[in-house]
Amino acid sequence: MSSCYLSVVIPAYNEARRLPESLATLNDYLTGRPYTWEVIVANDGSEDGTEAVVKEFGSVHGGFHVHTFLHLGKGAAVKQGMLAASGDYRFLCDADLSMPIELLDRLLPSDAPVADVVIGSREATGARRIGEPLGRRFMGRVFNVFTRLMATPGIADTQCGFKVFTAQAANTLFPLQTLDGFAFDAEVLFLARKRGLKVAEVGIDWHYRSESKVRPIRDGWRTFRDLVLIRWRWISGKYG
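Presented here is a report on the structure given in the accompanying data block.

So, about the packing of aromatic side chains. Following the criterion strictly, the structure yields nine aromatic pairs and no others. Pairing W37 with F64 gives two aromatic rings, centres 5.6 Å apart and planes at 75°, and the pair type is edge-to-face. Taken together, the residues W37 in strand 2 (residues 37-44) and F64 in strand 3 (residues 64-69) connect sequence positions 27 residues apart. Judged by relative accessible area, F64 falls into the buried class, the value being 6%. Between the aromatic rings of F190 and W234, the centroid separation amounts to 5.8 Å while the plane-to-plane angle is 85°, which identifies the pairing as edge-to-face. Of the two residues, F190 sits in helix 6 (residues 184-194) while W234 sits in helix 7 (residues 216-235), which places them 44 residues apart along the sequence. Taken together, the ring pairs in this structure connect Y5, Y35 and Y89 into an aromatic cluster. Lying over the aromatic face of W206, R122 brings its terminal NZ or CZ to 4.9 Å of the ring centre.

This brings us to empty space enclosed by the protein. Counted under the stated rule, the structure contains one cavity of 30 Å³ or more. One number sums up the size of the largest cavity: a volume of about 30 Å³. Taken together, L92, K163, F165, F174, F184, D185 and V188 make up the full set of residues lining the largest cavity. Of all the elements in the fold, those that place two or more residues in the lining of the largest cavity are strand 7 (163-166) and helix 6. Among the elements that line the lining of the largest cavity, the one with the most residues is helix 6, at three residues.

Calculation criteria
Residues numbered from 1 in each chain as written. Predicted model: local features only at pLDDT ≥ 70, side-chain atom pairs only at ≥ 80, totals over all residues. Heavy atoms only, no water. Phe/Tyr/Trp six-rings, centres within 6.5 Å; stacked < 30°, edge-to-face > 60°. Helix = DSSP H or I, 4+ residues; strand = E, 2+ residues; numbered from the N terminus. Buried < 20%, exposed > 50% of the residue type's maximum accessible area, 1.4 Å probe, protein only. Lys NZ or Arg CZ within 6 Å of the ring centre and 35° of its normal. 1 Å grid on protein atoms, 1.4 Å probe; cavity = no way out; pocket = protein on both sides within 12 Å on 5 of 7 lines; lining within 4 Å. Points joined across faces, edges and corners; volume = space filled by probe spheres on them.

See the structure below:
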């Protein structure tokens, strides 16, 4: 076991405006927890001062770090952030905190099912979607159907941005990840199943944020293409 219990990994691209509030919320919550922790902002080549915002916050509040990489996409930022983390458990967390941070305990061993990967799910028992437009909900359901058919049967919600990996699971899966875009979630969970790791879903409250960077039509097409790539890479032995 490492000296750090929980690593919070936040992928960020041009999040200078939203991060101060989110980092403050995380700090208020984590400083009251009975374990050691770190927060890593995986800066995906932002051009708006995201790096400076995190450094300024970290200079006042310990435990906050920024790792800056070339702008390749959310998947690439998550991969590099997860591999830079040192925690026994590694919590993937969206910068907008659309899941109330108080629900984090549901994903950690104290409350969560025993699993290598625990997913915050918008479809599992007890989940609530708050403020989501019907059109966005419909597009999400269509995407989930394709994802389950092509990569992750039995997993109801691969795309929710809140997931906890054990250190062993993270160090096994993320070196194998090849996708830099939004379909990285499906790829990582697909590989988790193929590697015999246990995946569990836990219902959460999820608040729709109108400033989401996801564009359902554009990103939906790219993700469908990437789902085909996942299957092809597995069949052709590209994952090793």
